[in-house]
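Listed below are the residues making up each chain.
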Amino acid sequence: MNIHFRKLANADEPAVLHEVVDVREFVKGRKDILAVAPLSVDLKALPAGTDSVNVVGTLKGEVDMLCSRCLSEVTSRLNIPFAETFKWLKQPILPEDEDEEIIYIQDEMVDLIPFVEETFVLHLPDSVLCKADCLGLCQKCGQNLNEGTCSCDNTVIDPRLAGLKGFFTKQDN
Ligand SMILES: [Zn+2]
Ligand SMILES: [Zn+2]
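Residues numbered from 1 in each chain as written. Chains lettered and ligands numbered in written order. Predicted model: local features only at pLDDT ≥ 70, side-chain atom pairs only at ≥ 80, totals over all residues. Heavy atoms only, no water.

K.L.:
Would you take a moment to explain the nonpolar core for this structure?
P.N.:
Grouped burial of nonpolar side chains is what soluble globular proteins tend to show. Counting residues in each nonpolar core, the largest one holds 39 residues, and the members touching the most others are Ile3, Leu43, Val55, Leu59, Phe86 and Phe120. Sorting the residues of this core by element identifies helix 1 (5-10), strand 2 (15-21), strand 3 (33-36), strand 4 (39-47), strand 5 (52-66), strand 6 (73-88), strand 7 (102-105) and helix 2 (113-123) as the ones contributing at least two each. With six residues, strand 6 is the single largest residue contributor to this core. Excluding anything up to four places from it in sequence, Leu43 contacts Met1, Ala15, Val16, Leu17, Val55, Val56, Gly57, Thr58, Leu59, Phe82, Leu112 and Val116. (Core = buried A, V, L, I, M, F, W, Y, C linked by side-chain atoms within 4.5 Å. Buried < 20%, exposed > 50% of the residue type's maximum accessible area, 1.4 Å probe, protein only. Helix = DSSP H or I, 4+ residues; strand = E, 2+ residues; numbered from the N terminus. Contact = heavy atoms within 4.5 Å.)

K.L.:
What's the story with the packing of aromatic side chains in this structure? I'm lost.
P.N.:
One pair of aromatic rings is described through two measures. These are the centre distance and the angle between the planes. Within this structure, the stated rule accounts for three aromatic pairs. A centroid spacing of 4.9 Å and a plane angle of 75 degrees characterise the contact between Phe86 and Phe115, whose relative ring orientation is edge-to-face. Highlighted residues: Phe86 in strand 6 and Phe115 in helix 2, separated in sequence by 29 residues. The exposure class of Phe86 is buried, given its relative accessible area of 0%. Since its relative accessible area comes to 17%, Phe115 is described here as buried. (Phe/Tyr/Trp six-rings, centres within 6.5 Å; stacked < 30°, edge-to-face > 60°.)

K.L.:
For this particular structure, what's the right way to read the environment of Asp51?
P.N.:
In this fold, Asp51 is placed in the loop between strand 4 and strand 5. Sequence-wise, Asp51 and Phe86 are 35 residues apart; in three dimensions their C-alpha atoms are separated by 8.3 Å. When neighbours within four sequence positions are excluded, Asp51 is seen to be in contact with Phe5, Phe86, Lys87, Trp88 and Lys90.

K.L.:
What should I look at first to understand the coordination of the zinc ion (ligand 2) in this one?
P.N.:
In ideal tetrahedral geometry, four donors around a metal make angles of 109.5 degrees, whereas ideal octahedral geometry with six donors gives angles of 90 or 180 degrees. Summarising the metal site, the zinc ion (ligand 2) is bound by the protein donors Cys138 (SG), Cys141 (SG), Cys150 (SG) and Cys152 (SG), whose distances to it range over 2.3 Å. In this structure, the zinc ion (ligand 2) is coordinated by four donor atoms arranged in tetrahedral fashion, with angles at the metal of 104 to 112 degrees. On the primary sequence, the residues serving as donors to the zinc ion (ligand 2) are separated as C-x2-C-x8-C-x1-C. Of the two residues, Cys138 is situated in the loop between helix 2 and helix 3 (159-172) and Cys152 in the loop between helix 2 and helix 3; the sequence distance between them amounts to 14 residues. (Donors = N, O, S within 2.8 Å, 3.2 Å for Na, K, Ca; no water. Tetrahedral: all angles 85-135°; square planar, octahedral: opposite > 155°, others 65-115°.)

K.L.:
I'm lost on the coordination of the zinc ion (ligand 1) in this one. Help?
P.N.:
Distances from the zinc ion (ligand 1) to its protein donors, Cys67 (SG), Cys70 (SG), Cys130 (SG) and Cys134 (SG), fall within 2.3 Å. Coordination at the zinc ion (ligand 1) comes from four donor atoms whose angles at the metal span 106 to 115 degrees, giving a geometry best classed as tetrahedral. Written as a sequence motif, the donor arrangement for the zinc ion (ligand 1) is C-x2-C-x59-C-x3-C. Linking Cys67 in the loop between strand 5 and strand 6 with Cys130 in the loop between helix 2 and helix 3, this pair joins segments that are 63 residues apart in sequence.

Structure representation (structure tokens):
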């Protein structure tokens, strides 16, 4: 998935790029990700001033993760916006008025896949819930409390209140 600065500058139409990218390698380190569907990448590259190109579009995919409370499988649909500006530098020196928003490229061709990977990984959810009020698992027996209650005593004292209780006891003595 390449864009070519000189070719694009001379073209009348924006370049339309479409590719289905296998993103399994990109999520290798994430133990909470069970599966990830191929990412459908739809981008448009438009000339934007001297030696510059705007690339905009969307990355669409699907990721299966574990609910962070009850560990059931949750599928999330991803619809990630992509927008980057690339500038062809022609020489290995950054300009003095370097713009942090711009990605400077030395070659007259740039492979977009590493930038697609970066955007994709950045937009992956940190954690998911199967539902907002997921009850999670019983800490003692592991029962999924969404499916039914167990017979464990799970009365929890709020640690802040527990602290206060001790404070008042001391005062009384
Ligand atoms: Zn859950
Ligand atoms: Zn239990």
